Every structure is written in C-alpha cells, then in structure tokens.
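# Architecture and fold: a report
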Amino acid sequence: MRTVLLASLRVHTRRYVAAVLAVTLAVAFVVATDALSSSARAGLTAGVAGPYSSADLVVGESYGIEAEEVDRAVAAAEEQGASTATIGSAFEALVAADGRQLDGETSIGTVSLDPDHRWQDVVSGRAPETVDEAIVDENAARSRAVQVGDVVTIGTGSSAVDVEVVGLSAPAAYLSATVYVPWETLRALPSVYPDSVLVTAGAGDPETVQQAVDEAVAAPVVPRETFVDERQTEVSQGVDVISYLVLVFAAIAAFVAVLVVANTFTILFAQRSRDLALLRAVGAGRRQLRRSVRLEALAIGVLASAIGLLVGALVGVGVVALARALAGSERIGAISWSPSWWIAAFVGGVVTTMLAAWWPTRAVTRVSPLAALRPEAATDARSRVGRVRIALGLALALVGIAFLAMGISTTTAQLTIAGCFTTFTGVLALGPVVVPAVIRLLGLAIGRTGAPARLAVDNAVRNPRRTAATTASLLVGVTLTSAVLTVMASGRGAIEAEQDVQYPVDLVLSTTSEVPDGLVGRVTSTPGVDAAAAVPGVTVTATAETPGDLGDVSVVAPDAAAVAATRDGGVATDIAAGEVLMTSPYINDLGGLVPETLTLAGPAGMIELDVVTSSADVGETLVVAPETLEQLVDTPRPQAIWALAEEGADADELGGDLGLVAREGGMELANQLERRAWVTTQLDVVVGAVVGLLGIAVLIALAGIGNTLGLSVLERGRENALVRALGLTRGQLRRSLGVEGLLLALTATVMGVALGVVYGWTGVRTIVEVATPDAQLVIPVGQVAAVAAVATAAGVIACILPARRAGRVPPAAGLVVD
C-alpha cells in the first residue's frame with residue numbers, strides 16, 4: 001500500500017492544491033498572529049521600567065492612587081529625607097498662542113523637575129526647570145507645528161494653564177503623552193489622574209522610608225522591581241487578550257478550511273472510487289485502504305502545515321517590519337517566537353486535515369467493490385441517507401431557533417450565539433435540499449439567456465451533496481461578514497443617537513461677558529459650518545445649599561435659531577419654566593454632587609430653580625427656558641455661539657479655524673465634533689479589522705470553489721467532450737462553466753446575506769440593546785451589497801481557470817478520458 005500511497009500523491013498532486021492552500025492559510029494566520037503579538041508585547045513591556053527606574057519604592061496600584069494619598073505619601077517620604085516624584089496624566093484641550101486648536105482633547109503627562117527622576121529623553125531644547133514650562137513629544141510637535149519657545153494653553157475655562165515649550169522629547173513606549181508638564185501644573189487640571197508616587201531613599205534606609213510611607217497611606221508601597229513586574233504583566237495580558245480574540249478568527253478560518261478539505265476529499269474519493277474498488281477486488285482490505293487514504297491525508301496535512309509555518313513566519317516578519325516603520329521601533333519590539341504557538345499551529349493544521357478527511361474516508365471504504373464499479377448515483381432526498389440528513393437538519397434548526405428565542409427573551413448573548421451556531425449547522429445539513437432549490441430559483445432567470453446557461457443550471461443541481469458542500473465554505477464567510485456588518489451598523493446608529501444627546505452641539509463658543517458684534521457671521525462663513533446661531537443669555541451668581549457658592553456662571557436660553565444649530569433639540573426644548581439644566585461639565589466640576597435647587601441672581605432679580613441634569617455637553621454653561629431668562633435680565637445679550645458642522649467636515653481642521661475665531665473674540669471653544677469623530681474612527685477601525693480578519697476565511701472559501709469546479713471539470717471530462725461533439729462550441733462550454741460558478745457563488749451570497757441579517761438582528765437584540773436600550777436594527781445596504789458583489793465576482797473569477805482548461809480539451813481526447 002505504500003506504493004499506492006506514493007503513486008496517488010504523485011498523480012493527484014494538482015487536485016490537492018485547494019486543500020493544501022486552505023490549511024496553509026489557517027496555519028499561517030496563527031503564526032503571523034504570534035509574531036505581531038510578541039513584538040507588540042516586547043515593545044510595550046520594554047518601556048514599562050523606564051518611568052520608574054529612579055525609584056527605590058513605588059506607591060500606587062494598577063488603577064492609580066488618590067490625590068490625597070499623593071500628598072500624604074510625599075510628606076511622609078520627605079520627612080525621612082527621601083526624594084519623590086509623582087507620575088500622572090490628564091486629557092485636556094490644547095490651544096496654540098495664535099488661537100489654533102491643536103487638539104480638542106489630548107494626553108498630558110508629567111515630567112519631573114528633579115533630573116534624577118526625569119525619565120524622558122530630551123532630544124531638542126532642554127528639560128523644564130519651572131512649573132510653567134513643558135516638553136512636547138517630537139512626533140506630536142511635528143504634526144501640530146509646535147516648536148521650542150512656543151506658548152500653548154492646556155485646558156479650557158478658568159482651569160486652563162499656559163506653559164512654554166522648552167524642549168522636545170523622544171517618543172515613549174509607555175506612559176506616552178503629547179505634552180509633559182510638572183506635577184504641580186498637572187494637578188490643577190480637572191481631568192488629572194495620579195498614577196503613582198516614586199520614592200528614592202537616598203541616604204536614608206529604604207526599609208525605614210517604606211515603613212513610614214506605608215503607615216501614612218492606604219495604597220500599597222512596594223519595591224520598584226515588584227511594581228514594574230506587575231505593570232508588565234498587565235500590559236502582556238492586554239496584548240494576550242487581543243491575540244486570543246484574533247485567534248477566534250483563526251478558528252473560523254480553520255472551520256472553513258475543514259469544509260474545503262472535506263469537500264476536496266469527498267470529490268477526490270468519489271472520482272477514485274473505481275481505483276479503490278479495483279484495489280479491493282485484488283485483495284486490499286477495508287482497513288488497508290482506509291489506512292492508506294488517511295496516511296495520504298496525513299501527508300497532505302503535514303506538508304500544508306509546514307508550508308503554513310513558513311508562510312506565516314514570512315508574513316509575520318513583514319507585518320512587524322511595516323508596523324515598526326509606521327509606529328516606530330520604540331513601540332514595536334523584536335519578534336519573540338513562541339514554540340507553543342508554532343506547535344499548536346502545526347498540530348492544529350494536521351488535525352484539521354485528518355478530521356476533514358475522516359468521514360469521506362469511511363464513506364468510500366464502506367462501498368463494496370462491485371457497487372463502486374457501477375456508475376455513481378447522486379444522493380437523493382428520498383433515500384435513507386437523504387431522509388436522515390433532512391431530519392437531522394430540521395432538528396438542529398428547530399433547536400437553534402429555540403436557543404435564539406430564549407436568548408432574545410432573556411437578553412443572554414451566550415444562548416444567542418449557541419442558537420446561531422446550531423441553526424447554521426442545521427442549514428448546512430439541509431444544504432443538499434435547500435441549495436439546489438435556490439439554484440433552480442435563480443436559474444429561472446439565468447436559464448433564459450441560452451443553452452449554455454440551462455446546461456449550467458442542470459450541472460449545478462445534478463449532485464446536490466457536492467453542490468451544497470461547494471457553497472458551504474463561502475456561505476460561512478458571507479454569513480459572518482453580513483452579521484458583523486449588521487451588528488456594527490446598528491451599534492453605530494445607537495451610538496450616534498446617544499452622541500446626538502450627549503453632544504447636541506458640534507462646536508460651542510462661550511464667554512462670561514458678551515459675544516462681540518460680527519462674530520456670529522464669521523463663524524457662519526467658516527468653511528465646514530452648516531449653521532450657527534448666537535444664544536441669548538446672561539452672567540449670574542449661582543448659589544446652592546450644597547456645595548455652596550458657585551460664583552459667576554453663564555446662563556443661556558436657546559431660541560429657535562439656536563435649536564436649529566443642534567443635533568438634538570431636547571437639550572433646549574425639554575426645559576420647563578422654573579427649571580435649570582445642569583449639563584455634564586458642571587456635574588463633573590461638582591464631583592457628581594448635584595444640588596436639588598439652585599439660586600440664580602441676575603441683573604433683573606433673584607430666582608430659585610429646580611435642578612435637572614443631563615449627560616449633554618454644551619460647554620460650561622447652565623441652560624434655562626426663555627421665560628426664566630426674562631426674570632434674570634431685562635435685555636438678554638448673546639452669551640454663546642452654537643455651531644453645527646457640515647456632514648463630513650474635518651473635526652481638527654474646523655476646530656482649528658473656529659479656535660482662532662474664538663481666541664480673537666475672547667471666547668472659549670469646546671470642540672464636541674472632535675469627540676464624535678474619535679468614536680466614529682474607533683468604530684471604523686473595529687469594522688475594518690473584523691472584516692479584514694474574516695477575509696482570510698472568505699479567501700479560503702473562494703479557493704474551495706475554484707478547486708471544486710476544477711475537480712468537477714475533470715470528473716465531467718467525458719460529458720464535456722460529448723456536448724462539444726454534439727455542437728457546443730468552446731466558448732459556450734466556458735460560458736456554461738462560468739455560469740455554474742456564478743450560480744454557486746450567487747446562491748451562497750444570497751443565503752449568506754439573508755442568514756447574516758437575521759443573525760445580526762439577534763445580535764442587536766441581545767448585545768447592542770443591552771448597552772443602548774433604544775437601539776434599532778440598521779442594515780448597511782451599501783456594505784452588504786459590496787460584500788455580495790465581491791463574493792459573487794470572486795466566485796466567477798475562481799472558475800476562470802477550470803473553464804479555460806475544459807475548453808482546451810479536444811472532444812476526441814475528452815471522450816477517451818477515464
């Protein structure tokens with residue numbers, strides 16, 4: 001049997017190309033993921049130790065440290081003669097001296113005034129020496145046109161601080177920021193987040209210092225090495241989580257590979273049934289035959305997995321090199337290959353191939369020699385095998401529907417996922433019945449285009465099992481992609497609706513005095529602004545029982561023109577007389593402590609109003625009804641400008657233009673559009689990544705379709721030669737095979753889109769609605785149509801080579817093919 005095995009591999013090499021390609025891609029996917037994750041982990045963990053290198057002790061936890069704890073830790077350490085440095089961060093607006101808005105919200109880090117605790121690498125200029133000096137990341141400075149000597153404003157309103165840029169720093173792999181300022185400056189910002197306190201014992205005893213600090217604070221006080229090890233573990237775990245998520249898509253690719261390999265072996269063994277029957281007739285036993293073909297599958301699995309390791313390594317090295325070029329070598333480290341990943345990928349590829357070949361092998365060796373020598377009859381739904389298959393498929397579909405119903409009613413994502421998987425398995429089991437029916441339905445229109453099309457329809461439904469297996473792999477890819485796009489589009493719609501409520505105004509120009517004349521016209525004429533309106537208001541004194549005097553605050557009462565410049569008019573129209581709306585900026589300033597009533601004292605009188613709250617952000621101002629404003633001031637004057645951006649306007653560019661206008665008018669700018677744009681960008685990245693990762697499964701599926709058509713061309717060699725002899729031209733034969741490929745791809749696409757939308761709807765009900773209760777199903781027609789068009793076109797392209805090969809065979813030569 002060894003001779004038979006070697007001869008089979010040699011003779012049928014070309015027929016195994018798709019199986020080898022499918023397993024190779026799945027294995028390469030895993031190896032490339034290992035390369036990218038290990039390099040990302042190396043780059044991130046390598047820089048973790050840098051900020052803490054000067055310390056003997058570190059005070060803090062993984063989630064930071066309270067500001068009060070910082071003061072107590074510093075005082076206790078300095079009493080023992082130790083030196084300290086505080087590491088923290090914030091996210092604030094950044095504005096240039098000329099009024100350009102450099103960032104609506106960017107990262108602010110800390111730099112120590114003590115050279116011994118300074119971890120940044122200053123590459124230009126010098127390090128800060130006073131609290132009003134800062135350094136800027138050199139890449140951030142280049143992209144924002146900031147130079148040494150410039151003065152920038154960090155933050156907005158009364159908490160804003162001006163700092164002079166005295167140096168540029170090299171990009172950091174850990175605790176990176178756009179601007180670095182001393183801790184004394186950072187702690188004055190509203191969004192300050194203390195990370196840790198570094199303690200250097202100096203001439204003192206480290207144990208004595210640790211004991212003193214430990215008694216003063218509740219936060220852990222640990223040696224530097226321990227703290228760094230914990231942070232490196234956290235970073236590595238974050239990278240590992242992403243790697244494991246990517247492996248989910250590798251598993252999907254492996255599942256599709258199983259379908260392709262199983263289909264390939266099924267067709268190959270069906271074509272070789274005569275050869276196998278002859279071997280049985282001359283004395284080969286079933287076990288010998290089964291062992292031979294499984295060794296054949298093992299050889300293919302080993303070869304494909306080995307090639308996959310090589311391809312994955314090359315792709316991984318290339319992707320990491322590209323990432324290092326784009327993100328910088330300080331963020332992406334060297335590749336550290338994991339033997340466990342390589343072994344798992346190799347073994348997984350071999351096992352995948354063996355599992356895929358298991359059932360076709362058993363099926364072909366159960367056939368008696370005499371039965372195999374007869375002409376093959378397709379499996380019919382009326383046969384025992386067909387009836388069992390239909391019963392199993394219906395049972396799985398019904399169980400899956402029950403899981404889906406329970407998942408939707410209880411909003412349990414696990415039940416919904418189980419239901420989707422079970423119903424899809426049922427659909428695959430019903431494939432020999434459902435797929436030919438869909439092909440016949442599509443063939444009603446396509447068959448009218450001529451004899452080649454009618455021949456293609458007949459050929460496509462002649463062997464229902466093979467046809468269903470051919471479309472199954474592409475069906476998986478289209479279904480998953482359509483479902484993901486539907487869930488993402490629905491989630492995006494829900495998030496955008498929430499953002500309309502949270503950020504009803506794209507750009508807010510506010511002041512505590514009065515809007516200068518002509519400024520509204522300048523805002524309206526700025527490119528990218530769709531509508532703008534002045535909002536009448538007044539500056540009043542606000543007091544409450546708790547937390548007390550709020551000082552002078554701006555109060556506005558939007559009129560109809562102002563409401564027209566919002567995305568959600570509720571922030572202005574839902575306020576009743578006798579109420580004052582406190583939006584998120586004020587709520588944050590009060591630390592979440594919201595008074596029940598608020599007393600406002602204006603030029604025309606003093607009134608007490610009931611406080612209502614909203615997550616909306618319209619800048620640092622209170623909102624009241626127009627009739628309430630009339631009780632505070634006799635003649636309201638414009639207190640703010642609300643602007644609505646045009647669809648597709650660039651948030652950074654528009655913010656920079658209006659920032660200059662605001663600065664010249666003595667006003668503050670709040671760029672809410674930039675925050676919306678950031679969320680939209682993250683959604684686009686997620687959708688692109690998911691679709692890209694699913695693309696490998698679709699690629700494997702297309703290879704399977706091309707291979708199946710190629711094998712069917714070989715299987716129908718005599719039939720093709722006969723129709724050529726009866727008058728079918730070479731071009732008509734090619735057209736017939738092309739239409740057959742079109743029907744297979746189109747059927748998989750139609751079924752995949754239908755199933756994907758249904759599964760997407762269940763995902764919306766159990767996942768998206770849990771986070772956003774008012775979420776609605778949104779079908780991304782354009783994206784789904786693009787997926788359908790690409791899948792259909794790719795299916796047609798996959799059959800070009802088989803069609804050309806069939807057309808090149810002369811009728812006389814084809815009639816003698818065995």
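Quantities reported herein were computed from a predicted structural model and do not represent experimental measurements.

### A word on the overall build of the chain
The number of helices and strands found in the chain is 28 helices and 19 strands. When each of the 818 residues of the chain is scored for burial, the buried share is 50%. Of the contacts formed within the chain by residues at least 6 apart in sequence, a portion of 82% connects residues at least 24 apart. Total accessible area computed for the chain in this model is approximately 36,200 Å², and 60% of it derives from carbon and sulfur atoms.

### Quick word on the pattern of salt bridges
In the structure shown here, the tally under the stated rule is nine salt bridges. Among the salt bridges present, the one from Glu129 reaches Arg126, with a minimum N-O distance of 3.9 Å. Overall, Glu129 belongs to the exposed group, its relative accessible area being 57%. Using a relative accessible area of 34% as the deciding quantity, one classes Arg126 as partly exposed. The residue Arg567 makes a salt bridge to Asp506 at a minimum N-O spacing of 2.7 Å. With Arg567 in the loop between α18 (560-564) and α19 (570-573) and Asp506 in the loop between α16 (464-502) and β11 (507-510), the pair connects residues that are 61 residues apart, well separated along the chain. A single network of salt bridges, built from pairs that share partners, joins Arg126, Glu129 and Glu133.

### Structural notes on helix α15 (residues 451-462)
Over its twelve residues, α15 extends 16 Å from the first C-alpha to the last, a length consistent with the 16 Å expected when each residue adds 1.5 Å. Looking at α15, one finds that the buried residues are Pro452, Ala453, Leu455, Ala456, Val457, Asn459, Ala460 and Val461.

### Quick notes on the nonpolar core
Residues Phe424, Ile439, Leu474 and Leu475 are the most contacted members of the largest nonpolar core, which totals 42 residues. Those elements that place two or more of their residues in this core are α7 (224-271), α13 (413-429), α14 (431-446), α15, α16, α23 (672-715), α25 (730-771) and α26 (781-798). Top contributing element to this core by residue count: α25, with ten residues. When residues no more than four places from it in sequence are discounted, the contact partners of Ile439 are Ala460, Val461, Thr467, Leu743, Leu744 and Thr747. Ala77, Val197, Val199 and Val209 belong to the second-largest nonpolar core, a separate cluster that totals 38 residues.

### Observations concerning the side chain of Thr353
Relative to the elements of secondary structure, Thr353 occurs in helix α10 (residues 339-365). In terms of polar contacts, Thr353 uses its side chain to reach the backbone carbonyl oxygen of Gly349, at 2.8 Å. Once you skip the residues sitting within four places of it in the chain, Thr353 turns out to touch Val23, Val261, Phe265, Ala297, Ile300 and Gly301.

### Examining the environment of Asp114
As for its position among the elements, Asp114 is in the loop between β3 (101-110) and β4 (122-125). Residue Asp114 is classed as partly exposed on the basis of its relative accessible area of 25%. Spatially, the C-alpha atoms of Asp114 and Ser83 are 9.0 Å apart, while their sequence positions differ by 31 residues. At 3.0 Å, the side chain of Asp114 and the backbone nitrogen of Asp116 are in polar contact.

### Points about the environment of Thr486
Mapped onto the elements of the fold, Thr486 is located in helix α16. On the basis of relative accessible area, Thr486 is assigned to the buried category, the value being 0%. It is 6.2 Å that separates the C-alpha atoms of Thr486 and Pro780, two residues lying 294 residues apart in sequence.

### Observations regarding a negative patch on the surface
Together, Glu545, Glu596, Glu608 and Asp610 give the surface a local cluster of negative charge. When you line up the elements, Asp610 lands in strand β16 (residues 605-613).

### A short note on the environment of Val317
Within the secondary structure, Val317 is located in helix α9 (residues 286-327). On the accessibility criterion, Val317 (44% relative accessible area) is partly exposed. For the pair formed by Val317 and Ala32, sequence separation is 285 residues and the distance between their alpha carbons is 7.9 Å. Among all residues touching Val317, those that are not within four sequence positions of it are Ile335 and Trp337.

### Some points on a nonpolar patch on the surface
Nonpolar side chains collect at one region of the surface, where Leu36, Leu303, Ile307, Val311, Val315 and Val319 lie side by side and expose about 420 Å² of accessible area between them. Considering each element in turn, the nonpolar patch owes the most residues, five residues, to α9.

### Considering the pairing of strand β12 (residues 529-543)
Relative to strand β18 (residues 637-645), β12 runs antiparallel, the two being bridged by eight bridges. Across the sheet, residue Ala531 finds its bridge partner in β18, namely Leu644. Inspection of the sheet shows β12 paired to strand β13 (residues 549-556) by seven bridges, in the antiparallel sense. Among the inter-strand pairings, Thr541 is bridged to a residue of β13, identified as Asp552. Bridge count for β12 against strand β15 (residues 597-602) is three bridges, and the pairing is antiparallel. Bridge pairing in β15 places Ala542 opposite Leu600.

### Examining the packing of aromatic side chains
Taken as a whole and judged by the stated rule, the model has three aromatic pairs. Ring plane angle 65° and centroid distance 5.0 Å describe the contact between Tyr52 and Phe227, whose orientation is recorded as edge-to-face. Of the two residues, Tyr52 sits in the loop between α2 (17-46) and β1 (57-59) while Phe227 sits in helix α7, which places them 175 residues apart along the sequence. Here Tyr52 matches Phe227 in class, with each residue buried.

### Let's talk about unusual backbone geometry
The phi torsion at Leu175 lies on the positive side, around 55°, for a residue other than glycine. Even without being a glycine, Thr411 presents a positive backbone phi close to 50°. Following the sequence through the fold, Thr411 ends up in the loop between α12 (384-410) and α13. For Thr411, a relative accessible area of 41% puts it in the partly exposed group.

### Quick look at the confidence of the model for the chain
Confidence along the chain averages 81 in pLDDT terms, with 84% of residues attaining 70 or more. Strand β8 (residues 179-181) holds the highest mean pLDDT among the elements of the chain, 96, whereas helix α1 (residues 2-11) holds the lowest, 60.

### Looking at the packing of α13 against α16
Packed helix pairs are characterised by how far apart their axes lie and by the angle those axes make with each other. Across the interface, α13 lies against α16 with an axial gap of 11 Å and an inter-helix angle of 150°. The angle between α13 and α16 falls in the class roughly antiparallel. Crossing handedness for the pair α13 and α16: right-handed. Counting all contacts with α13, which are made through Phe424, Val427 and Leu428, the residues of α16 involved are Ala472, Leu475, Val476 and Thr479.

### A look at helix α22 (residues 651-664)
Structurally, the α-helix is built with 3.6 residues per turn, so residues lying three or four positions apart point the same way. An ideal rise of 1.5 Å per residue puts 20 Å on 14 residues; α22 measures up with 20 Å between its terminal C-alpha atoms. Taken as a whole, α22 has its buried residues at Ala651, Leu654, Gly655, Gly656, Leu658, Gly659, Val661 and Ala662. Structurally, the start of α22 carries an N-cap: the backbone nitrogen of Glu653 is 2.7 Å from a side-chain oxygen of Asp650. Directly beyond the C-terminal end of α22, a positive phi value near 70° is found at Gly666.

What counts, and where the lines are drawn
- Going along each chain's sequence as written, the residues are numbered from 1 onward.
- In keeping with the model being predicted, local features are shown solely for residues with a pLDDT of at least 70 and side-chain atom pairs are shown and tallied solely at 80 or more, while totals for entire chains, interfaces and linings include all residues.
- Think of the side-chain values as coming from all heavy atoms in the structure, minus any hydrogens and water.
- Secondary structure counts use DSSP, requiring at least four H or I residues in a row for a helix and at least two E residues in a row for a strand, with both numbered from the N terminus.
- Three labels apply to residues, based on accessible area from a 1.4 Å probe with only protein chains included: buried if under 20% of the type maximum, exposed if over 50%, partly exposed otherwise in between.
- Between two residues, a contact is recorded if the distance between any of their heavy atoms is within 4.5 Å.
- A 1.4 Å probe and the Shrake-Rupley method give the accessible areas. Residues count as covered only by the protein chains that appear here.
- A carboxyl oxygen of Asp or Glu within 4 Å of a side-chain nitrogen of Lys or Arg is what we treat as a salt bridge.
- The span one expects for a helix is its residue count, reduced by one, times 1.5 Å.
- Definition of nonpolar core: a set of buried residues of the types Ala, Val, Leu, Ile, Met, Phe, Trp, Tyr and Cys, connected through side-chain atoms within 4.5 Å.
- For the purposes of these results, a polar contact is taken to be a pair of N or O atoms within 3.5 Å, where, inside protein, one atom must be able to donate a hydrogen and its partner to accept one; residues adjacent in sequence count only when each atom of the pair is a side-chain atom.
- Patch membership requires over 30% relative accessible area and the absence of a salt bridge. Like charges are linked within 9 Å, and nonpolar side chains (Val, Leu, Ile, Met, Phe, Trp, Tyr) within 5 Å.
- Only four residue types enter the tally: Lys and Arg on the positive side, Asp and Glu on the negative side; His and the chain ends are excluded.
- A charge is said to be at NZ when it belongs to Lys, at CZ for Arg, at CG for Asp and at CD for Glu.
- When DSSP finds at least two bridges between two strands, those strands are taken to pair.
- Any pair of Phe, Tyr and Trp rings, taking the six-membered ring for Trp, is counted once the centres come within 6.5 Å. Such a pair is stacked with planes under 30 degrees apart, edge-to-face with planes over 60 apart, and tilted for the rest.
- Residue-level confidence of the predictor is what pLDDT reports, using numbers from 0 through 100.
- Inter-axis angles, ranging from 0 to 180 degrees, are taken between N-to-C directions of lines fitted to C-alpha atoms, where helices are fitted over the stretch in contact.
- Note that the term roughly parallel is reserved for angles under 35 degrees, roughly antiparallel for angles over 145, roughly perpendicular for angles of 65 to 115, and oblique for everything else.
- Crossing chirality is assigned from the near helix's rotation relative to the far helix, an anticlockwise turn below a right angle marking it left-handed and a clockwise turn marking it right-handed.

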